[in-house]
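If you want the building blocks of each chain, they are given just below.
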Amino acid sequence: MPLPGNIEAVTFDVGGTLIQPWPSVGHVYAEVAARRGHSHVQPEGLNRQFANAWRRKKGFDHSRRAWAAVVQETFAGILDETAVGELFSDLYDRFSKPDAWRVFEDVQPTLERLRRHPLKLGVISNWDERLRPLLAQLRLDSYFESVVVSHEAGYAKPACEIFQQAVSRLGVPASSILHVGDSFGEDIVGAQSAGLKGLLLDRKGASGVGPSILSLNAVPDMLGIR
């Protein structure tokens with residue numbers, strides 16, 4: 001599936017595309033809970049409940065309040081609300097640390113290949129104030145000319161406005177920007193509605209929605225970059 005030859009910039013989603021919680025959301029939650037004396041909490045149950053809470057979220061704005069609600073739902077039936085409230089600040093801070101995250105193995109090789117060519121690189125992410133310092137600590141920030149974060153932009157994907165801010169910062173036509181992300185609704189539908197090209201990253205090959213790639217390594221190949 002080759003891409004059009006007029007691509008001048010490539011933007012990326014972050015969570016699930018460039019990085020993932022490590023070893024998992026549940027492991028990090030359980031670790032923080034154990035530090036607060038709740039050593040019985042098991043990662044597997046937390047992973048299931050987090051996945052359900054994440055699927056049910058609506059109007060999520062990445063504020064501390066919104067995250068606090070998701071955390072409460074994740075611990076429901078495991079810890080009482082007071083205990084969860086007491087550990088929330090520690091948990092929020094934990095996810096600002098680089099060792100709570102893993103950079104996917106295909107990220108840096110792909111970014112290195114792309115930046116050796118006259119392409120502008122950027123980030124368009126639904127995230128909060130922790131993202132910019134985190135990208136710096138993970139040594140990813142230097143690859144990107146533009147980083148647009150929903151917390152700062154005032155809009156979250158799939159809203160056209162967040163993509164339009166990226167277009168303005170990159171200074172190239174929307175139609176010459178390829179956006180890569182792991183959410184069909186947020187990344188692909190959002191990008192296309194704003195006039196960008198969209199490419200779905202489906203690492204598990206399970207989406208069943210339109211054309212997709214299994215690895216970021218495919219992006220330079222599709223652009224004819226060797």
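Structure: see above.
All figures in this text were calculated on a predicted structure; none of them were measured in a lab.

Draft legend 1. Here's a closer look at the overall build of the chain. For the chain, the count of helices and strands is 10 helices and eight strands. Compactness check: the chain gives a C-alpha radius of gyration of 18 Å against a globular reference of 17 Å for 226 residues, within 12% of the reference. Counting only C-alpha atoms, the chain reaches 55 × 35 × 30 Å along its principal axes. Looking at the chain residue by residue over its 226 residues, the buried ones come to 47%. Looking at the chain alone, contacts between residues at least 24 apart form 64% of all its contacts between residues at least 6 apart. If you sum the accessible surface of the chain, you get close to 10600 Å²; carbon and sulfur atoms cover 51% of it.

Draft legend 2. View of the sheet that holds strand β5 (residues 146-149). Strand order in the open sheet formed by six strands is β5-β4-β1-β6-β7-β8, and the pairing between neighbours is parallel. The two strands at the open ends of the sheet, each matched to only one other strand, are β5 and β8 (212-213). Pairing of strand β1 (residues 9-12) with strand β4 (residues 120-125) involves four bridges; the strand directions are parallel. Its bridge partner being in β4, threonine 11 is matched across the sheet by glycine 122. Here helix α8 (residues 160-170) sits on the sheet and contacts β1, β4, β5 and β6 (177-181); the angle it forms with β5, its principal contact strand, is near 160°.

Draft legend 3. Seen up close, the environment of alanine 66. On the secondary structure map, alanine 66 appears in helix α3 (residues 64-74). Setting aside chain neighbours within four positions, we find alanine 66 in contact with Phe60 and Asp61.

Draft legend 4. Region of the structure containing the side chain of serine 150. Topologically, serine 150 is positioned in helix α7 (residues 150-153). You can call serine 150 buried: its relative accessible area is 6%. Aside from chain neighbours lying at most four places away, what touches serine 150 is His62, Ser125, Asn126, Trp127, Tyr155, Ala156 and Ile162.

Definitions and cut-offs
- Every residue gets a number counted from 1 within its own chain, in the order that chain's sequence is written.
- Totals for whole chains, interfaces and linings use all residues, but because this is a predicted model, local features are given only for residues with pLDDT of at least 70 and pairs of side-chain atoms are given and counted only at 80 or more.
- With hydrogens and water excluded, all non-hydrogen atoms of the structure serve as input to the side-chain values.
- Numbering of helices and strands starts at the N terminus; helices are DSSP runs of H or I of at least 4 residues and strands are runs of E of at least 2.
- Radius of gyration here uses only the C-alpha atoms, and the compact-globule reference equals 2.2 Å multiplied by the residue count raised to the power 0.38.
- Note on exposure labels: buried denotes an accessible area under 20% of the residue type's maximum, exposed denotes more than 50%, and partly exposed covers the range between, all computed with a 1.4 Å probe on protein chains only.
- Here, two residues are considered to be in contact whenever any of their heavy atoms come within 4.5 Å of each other.
- Note on areas: Shrake-Rupley, 1.4 Å probe, and residue coverage restricted to the protein chains presented here.
- Whether two strands pair depends on DSSP finding at least two bridges between them.
- Each axis is a line fitted through C-alpha atoms, taken for helices only over the stretch in contact, and angles between the N-to-C directions span 0 to 180 degrees.

The values reported here are purely geometric and, on their own, carry no functional implication.
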